[in-house]
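Structure at a glance
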Amino acid sequence: MNDEMSLWTLISGASVLVQMVMLLLMIASMLSWWMIVQRTMYYAASKRNYQLFERQFWSGVDLAQLFRKSVSKPALAGVESIFVAGFKEFTRLRQQSAADPDAIMQGAERAMRVAVAREEEKLEKYLPFLATVGSTSPYVGLFGTVWGIMNAFRGLANVQQATLATVAPGIAEALIATAMGLFAAIPAVIAYNRFSSRMDNLLANYDTFADEFSSILHRQAHAKSRQQDENNG
Amino acid sequence: MRWLRAYGLPAFMTVIIHAALAWLLLVGWSGEHAFSEPIVKPSMIKATMIELPKKSADNPKAEKKATPAKKKPKPAPKKTPPKEKPAPKQTPTVKPASKPVEKKVEPKPKPKPEPVVTPPPKVLDIDFSDELAAEDAARQAESELDVVNSYIAKIIAVVESVWSRPPSARNGMEVMLLVNLIPTGEVVNVSVATSSGNTAFDTSAVNAVYRAERFEDLRGMKPALFEANFRRFYMKFKPEDLRL
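Residues numbered from 1 in each chain as written. Chains lettered and ligands numbered in written order. Predicted model: local features only at pLDDT ≥ 70, side-chain atom pairs only at ≥ 80, totals over all residues. Heavy atoms only, no water.

The helix and strand inventory of chain B stands at five helices and six strands. For chain B, the succession of helices and strands along the chain, N to C, is α-β-β-β-α-α-β-β-α-α-β. In chain B, which comprises 244 residues, the proportion classed as buried is 41%. The long-range share in chain B, meaning contacts at least 24 apart out of those at least 6 apart in sequence, stands at 78%. Accessible area for chain B stands at about 12,900 Å²; split by element, carbon and sulfur atoms hold 64% of it. (Helix = DSSP H or I, 4+ residues; strand = E, 2+ residues; numbered from the N terminus. Buried < 20%, exposed > 50% of the residue type's maximum accessible area, 1.4 Å probe, protein only. Contact = heavy atoms within 4.5 Å. Areas by Shrake-Rupley, 256 points an atom, 1.4 Å probe, with all protein chains shown as cover.)

Moving on: the overall build of chain A. Helix and strand content of chain A: seven helices and zero strands. Look at the contacts in chain A between residues 6 or more apart in sequence, and 80% of them connect residues 24 or more apart. Accessible surface for chain A amounts to roughly 13,200 Å². Of this, 60% is attributable to carbon and sulfur atoms.

Put simply, an interface is often sized by how much accessible area is lost when its parts join up. Tallying the contact residues gives 17 residues for chain A and 16 residues for chain B. For the pair chain A and chain B, the summed buried area comes to about 1,500 Å², and 76% of that belongs to carbon and sulfur atoms. Among the residues of chain A in contact with chain B, A:Leu7, A:Trp34 and A:Met41 are the three that bury the most area, contributing 35% of the side total. Linking chain A with chain B are three residue pairs in polar contact (both at pLDDT 80 or more), by the criterion used here. Secondary structure elements with two or more residues in the side of chain A that touches chain B: helix H1 (7-12) and helix H2 (16-57) of chain A. A total of eight residues in the side of chain A that touches chain B trace back to one element, the largest contributor, which is H2(A). Of the residues that constitute the side of chain A that touches chain B, the class distribution is twelve nonpolar, four polar and one charged. (Buried area = accessible area lost by both parts, 1.4 Å probe. Polar contact = N/O pair within 3.5 Å; in protein donor to acceptor, adjacent residues only side chain to side chain. Nonpolar A, V, L, I, M, F, W, Y, C, P; charged D, E, K, R; others polar.)

What follows concerns the packing of aromatic side chains. Two aromatic rings are characterised by how far apart their centres lie and by the angle between their planes. Residue and element names in this part refer to chain A. Tallied over the entire structure, the rule returns 20 aromatic pairs over all chains. Seen from the ring of tyrosine 42, arginine 39 lies directly overhead, with NZ or CZ sitting 4.5 Å from the centre. The lysine or arginine in question, arginine 39, covers the ring of tyrosine 43, its NZ or CZ lying 5.7 Å from the ring centre. (Phe/Tyr/Trp six-rings, centres within 6.5 Å; stacked < 30°, edge-to-face > 60°. Lys NZ or Arg CZ within 6 Å of the ring centre and 35° of its normal.)

As for its position among the elements, A:Ala210 is in helix H7 (residues 164-232). Counting along the chain gives 128 residues from A:Ala210 to A:Ile82, while the straight-line C-alpha distance between them is 7.1 Å.

Now for the nonpolar core. Core analysis: the biggest nonpolar cluster contains 44 residues, and A:Phe57, A:Ile82, A:Phe83, A:Leu130, A:Tyr206, A:Phe209 and A:Phe213 have the highest contact counts within it. Listed by contribution, the elements that provide at least two residues to this core are H2, helix H3 (63-72), helix H4 (79-95), helix H5 (101-124), helix H6 (127-157) and H7 of chain A. Ranked by residue count, the leading element in this core is H7(A), at 14 residues. Setting aside residues up to four positions removed in sequence, A:Phe57 forms contacts with A:Leu63, A:Leu66, A:Phe83, A:Phe209, A:Phe213 and A:Ile216. In this structure, B:Ile152, B:Val159, B:Met173 and B:Phe215 belong to the second largest nonpolar core, which totals 31 residues. (Core = buried A, V, L, I, M, F, W, Y, C linked by side-chain atoms within 4.5 Å.)

Moving on, we get to the pairing of strand S5 (residues 187-194) of chain B. All names here are of chain B. Direction of pairing for strand S4 (residues 175-181) relative to S5: antiparallel, over a ladder of six bridges. Across the sheet, methionine 176 pairs through a bridge with threonine 194, a residue of S5. Where S4 folds back on S5, the antiparallel hairpin that results is connected by five residues, among which glycine 185 adopts a positive phi of roughly 95°. (Pairing = 2+ DSSP bridges.)

Attention now moves to the packing of H3(A) against H4(A). Residue and element names in this part refer to chain A. Packing of H3 against H4 brings their axes to within 10 Å, and their N-to-C directions diverge by 120°. Classified by the angle between their axes, H3 and H4 sit oblique to one another. Judged by the sense of rotation from one axis to the other, the crossing of H3 with H4 is left-handed. Residues Leu63, Ala64, Leu66, Phe67, Ser70 and Val71 of H3 lie in contact with H4, whose contacting residues are Glu80, Phe83, Val84, Phe87 and Lys88. Class assignment for the residues of the contact of H3 with H4 results in eight nonpolar, one polar and two charged. (Axes fitted to C-alpha atoms, helices over the stretch in contact; angles between N-to-C directions. Parallel < 35°, antiparallel > 145°, perpendicular 65-115°, else oblique. Left-handed = near helix turned anticlockwise from the far one by under 90°.)

A word on the environment of A:Leu202. All names here are of chain A. Looking at the secondary structure, you find leucine 202 in helix H7. For the pair leucine 202 and leucine 123, spaced 79 residues apart in sequence, the C-alpha to C-alpha distance is 8.7 Å. Apart from the residues lying within four places of it in its own chain, the contact partners of leucine 202 are Tyr43, Ser46, Lys47 and Leu123.

Over its 17 residues, H4(A) extends 25 Å from the first C-alpha to the last, a length consistent with the 24 Å expected when each residue adds 1.5 Å. Buried residues of H4(A): A:Val79, A:Glu80, A:Ser81, A:Ile82, A:Phe83, A:Val84, A:Gly86, A:Phe87, A:Phe90 and A:Leu93, and no others. (Expected span 1.5 Å × (residues − 1).)

Moving on, we come to the pattern of salt bridges. Residue and element names in this part refer to chain A. Taken as a whole and judged by the stated rule, the model has four salt bridges over all chains. When the shortest N-O distance is used, the salt bridge between glutamate 80 and lysine 73 registers 2.7 Å. On the basis of relative accessible area, glutamate 80 is assigned to the buried category, the value being 8%. (Salt bridge = Lys/Arg side-chain N within 4 Å of Asp/Glu carboxyl O.)

The next thing to look at is a negative patch on the surface. All names here are of chain A. Taken together, the side chains of Glu109, Glu120, Glu121, Glu124, Asp200, Asp207 and Asp211 present a region of like negative charge at the surface. Mapped onto the negative patch, the elements with two or more residues apiece are H5 and H7. For the negative patch, the leading source of residues is H5, giving four residues. You can see glutamate 109 is positioned in helix H5. (Patch = residues over 30% accessible without salt bridge, like charges linked within 9 Å, V, L, I, M, F, W, Y side chains within 5 Å. Lys, Arg positive; Asp, Glu negative; His and termini not counted. Charge placed at Lys NZ, Arg CZ, Asp CG, Glu CD.)

Turning our attention to the packing of H2(A) against H3(A). Residue and element names in this part refer to chain A. Look at H2 against H3: their axes get within 11 Å of each other, and the N-to-C directions meet at 150°. Of the possible angle classes, the one that applies to H2 and H3 is roughly antiparallel. On the side of H2, the interface is formed by Phe53, Gln56 and Phe57, while H3 contributes Leu63, Leu66, Lys69 and Ser70. Counted by class, the contact of H2 with H3 contains four nonpolar, two polar and one charged residues.

Below, the discussion takes up unusual backbone geometry. Residues and elements named next belong to chain A. Located in the positive-phi region is tyrosine 126, a residue other than glycine, with phi close to 75°. Looking at the secondary structure, you find tyrosine 126 in the loop between H5 and H6. With relative accessibility at 18%, the residue tyrosine 126 sits in the buried group.

Spelled out as structure tokens, the structure:
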């Protein structure tokens, strides 16, 4: 009898509700692992992009040339999109000769702020799900276990002679639910903490870049306006 | 392509991780049960150690001459007046139902009671042959043989304790019984397979098994092991070292 008590028989022998709980946790675990791997790759790629772009940006290349190169790329991501948004707005506003330097700067900064917000949104994707799995799946698993143990004890009430062998399989199969809940929750919590710190890190980098870039644009805008003033005057 | 890399790869990794976990669980599961097996075995062996010394104590004394059986022309043993005689040790032999191949197990020599009287103390000598068990052992785990042996030792101990050997028993006599058990250890049938030629001796052996009635220890035994070894088995009785 004991030889037959495999993991599979434990799972298939559980009550329907416990099986539902197990299925739910299994799906949660699958999804959260998928997100963990996907996010890891995404953050690694974002970080690499950022470093690459920053090196290019500060290498003294002409901004207009860099802009053209960036725009020609099929998909804009990360810091590049902030740069493109700011520069596009800046040039567009400057071409309208009426605009004054402060207005140009305000427009460019606003465009960059929007781009940063959009990037933040992309970075944040999936993190709420991980947080939810991390915080609720132990409880879901616990629920399955409690239900299973309740059933095991109810079965025990009908038996004349109570032995450990009559309750043990029920408890064992109920405990699988807790194990699955923990298996889903632990990686999710770790990943959530790690990803949110990486996200903060990247966002801080983006903000710094946006500030630096706007100071460069600021210098250009005011240099231009001073030139115009001199020409006019 | 890009899409596949961004979403397919994580999906693949996810499946790998879960498959690895399931595999680990299944392997760990079976390993745990394999571990529980040795725990059972030592307790059985220990039980035999405790039971063996008991044997010499409560054997009935052989008394009085019985009429010699037709084939054995030897005179009945003369005994001194009814006096506390040393416990005779006998030799039931358990044999699974296949052809006998001799294998000898010598239990420790029994303490011999003082041989004041004529019948010298017989040395307990258990020899059993079990080809079937040996075959099993070759195929299955060695531990299984040990388990069977420990059951055999228990059966011998029980039968020995209730066997009253008739005085007409002689060295070289040998009766083979066919014993049928049911899984609870109860004796359902005993018959003489090979007679010793001495009816009294045959009957005493048959009665000993019937008197044992039930081998309690066999109850917890694995069904497969029981079917292979103890459902039907031969038991050989011979009064060894009986110098009369």
